[in-house]
Amino acid sequence: GHVRGLFRILLFGRILSRPHDHCPHDRDRVFLTPYQRSPHDLHVGHSTVVRGFYDRRRAEVESFLSALSKMTDSSISDMVYECVKGRWEAHPDDRSRLKDRRLLNDARELRTLSMVAAALGGEALARIFRALSYDYRVWSGGLPDLLLVRARCQGSGENVELGEWVGEGFSKDKVDERNAQRQLRLLFGGDDEFLGCSKNSDSTLKPFSSNRTRQRGVQAAELPAFPAKLEFTVGGKRIRAESLFVEVKSHNDRLSERQEDWLSILGDDKARVCKFTHSSSKSKSKKKSRASDGSSE
């Protein structure tokens, strides 16, 4: 979700927003329309015979990731904001913006995306983005199940209410709506942040919606007000966002090779495994119930 969204916003915004010295017409060739979801070579892996996304832009990607790994949390947050704002202002009018569904979603969640980017930090983001650049189809799967975030005041360590600081989906009036939407996504198995064709099959493409369906979506969409930039100093107090990936496993479940790879990439400071075990009290109660059933017979 948000991690792949940040990959799309930051890497595409910085790498593909301007021509490169080694590939001066790169922008014209990878984005043929303003509504294209991803570069055409994104799903070509690093180790394949045909040069893929990373190989074509190795110098530019590594230069950006090196700079990203050294950036402060507030600088990363500001960069997310500026990238989305640049896309917003690139549209000539509101009618054009309404046709760009990803832009509308990014604008509605811009402060959340900014906070998540700051919480992950430059070093973790650089490691994640490098893996996704190598082979997006392969590495877009296997990320830990949960991303936990919190904010604290530096010095005092006092927790900051995310609903008051960030707003958006963290505000109380949005929690119920967000939970309902999450349930719908689980039911239908959709993943709006996966770029390009289906990640479950190389030959299966997501069906395109008809013109009539897209027109209904445009008419029903509402243009959100562009949000204010997320500030990391509130009331004279410096706020620091923190994050932790959590891979959840049952007592008899094992990590896949890809999950183990991601845990290694993220490192112990950014990822943990949470393994559920049988409750001893429940197992004792079951044994007692079985014993009582046997004695009554």
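To be clear, the structure that these remarks concern was listed above.
Residues numbered from 1 in each chain as written. Predicted model: local features only at pLDDT ≥ 70, side-chain atom pairs only at ≥ 80, totals over all residues. Heavy atoms only, no water.

Trainee: Sorry if this is basic, but what is going on with the packing of aromatic side chains here?
Mentor: Here the distance between the centres and the angle between the planes together describe a pair of aromatic rings. Summed over the entire model, instances satisfying the criterion amount to nine aromatic pairs. With 4.7 Å between their ring centres and 70° between their planes, Tyr54 and Tyr134 make a pair best called edge-to-face. Linking Tyr54 in helix α3 (residues 53-56) with Tyr134 in helix α8 (residues 110-134), this pair joins segments that are 80 residues apart in sequence. Judged by relative accessible area, Tyr134 falls into the partly exposed class, the value being 29%. (Phe/Tyr/Trp six-rings, centres within 6.5 Å; stacked < 30°, edge-to-face > 60°. Helix = DSSP H or I, 4+ residues; strand = E, 2+ residues; numbered from the N terminus. Buried < 20%, exposed > 50% of the residue type's maximum accessible area, 1.4 Å probe, protein only.)

Trainee: Is there a simple way to think about helix α4 (residues 58-69) in this case?
Mentor: For an α-helix, the turn length of 3.6 residues means that residues three or four places apart are oriented alike. Given a rise of 1.5 Å per residue, twelve residues ought to cover 16 Å, and the 16 Å separating the end C-alpha atoms of α4 matches this to within 8%. Taken together, the buried positions of α4 are occupied by Glu60, Val61, Phe64, Leu65 and Leu68. The buried residues of α4 occupy one face: seen down the axis, they fall within an arc of 125°. Considering only its buried residues, α4 is in contact with α1 (2-15), α3, α5 (73-90) and α8. (Expected span 1.5 Å × (residues − 1). Arc of directions from axis to C-beta. Contact = heavy atoms within 4.5 Å.)

Trainee: Just to check I follow, could you spell out the pattern of salt bridges for this structure?
Mentor: Pairing between side chains becomes possible if they bear opposite charge and their charged atoms approach one another. According to the stated counting rule, one finds ten salt bridges in the structure shown. Here Glu82 makes a salt bridge to Lys229, at a shortest N to O gap of 3.5 Å. Of this pair, Glu82 sits in helix α5 while Lys229 sits in the loop between α12 (211-220) and β2 (233-234), and the two are 147 residues apart along the sequence. We classify Lys229 as partly exposed; its relative accessible area is 28%. (Salt bridge = Lys/Arg side-chain N within 4 Å of Asp/Glu carboxyl O.)

Trainee: Before we go on, may I ask you to explain the packing of α5 against α8 in this structure?
Mentor: Two quantities define a packed helix pair, namely the angle between the axes and the distance from one axis to the other. Taken N-terminus to C-terminus, the directions of α5 and α8 make an angle of 130°; their axes are 8 Å apart at the nearest point. Taken together, the axes of α5 and α8 lie oblique to each other. The interaxial crossing formed by α5 with α8 has right-handed handedness. Along its contact with α5, which presents Asp73, Ile76, Ser77, Val80, Tyr81 and Val84, the element α8 presents Leu110, Leu113, Ser114, Ala117, Ala118, Gly121, Gly122 and Leu125. Here the contact of α5 with α8 is built from residues that sort into nine nonpolar, four polar and one charged. (Axes fitted to C-alpha atoms, helices over the stretch in contact; angles between N-to-C directions. Parallel < 35°, antiparallel > 145°, perpendicular 65-115°, else oblique. Left-handed = near helix turned anticlockwise from the far one by under 90°. Nonpolar A, V, L, I, M, F, W, Y, C, P; charged D, E, K, R; others polar.)

Trainee: I tried to follow the nonpolar core on my own but got confused; where do I start?
Mentor: Note that soluble globular proteins tend to have their nonpolar side chains buried in a common cluster. Membership of the largest hydrophobic core comes to 57 residues, with the highest contact counts inside it found for Leu6, Phe64, Phe129 and Trp165. Examining the composition of this core, we find that 14 residues originate from one element, α8, more than from any other. Among residues more than four places away in sequence, those in contact with Phe64 are Leu10, Leu11, Arg14, Ile15, Met79 and Phe129. (Core = buried A, V, L, I, M, F, W, Y, C linked by side-chain atoms within 4.5 Å.)

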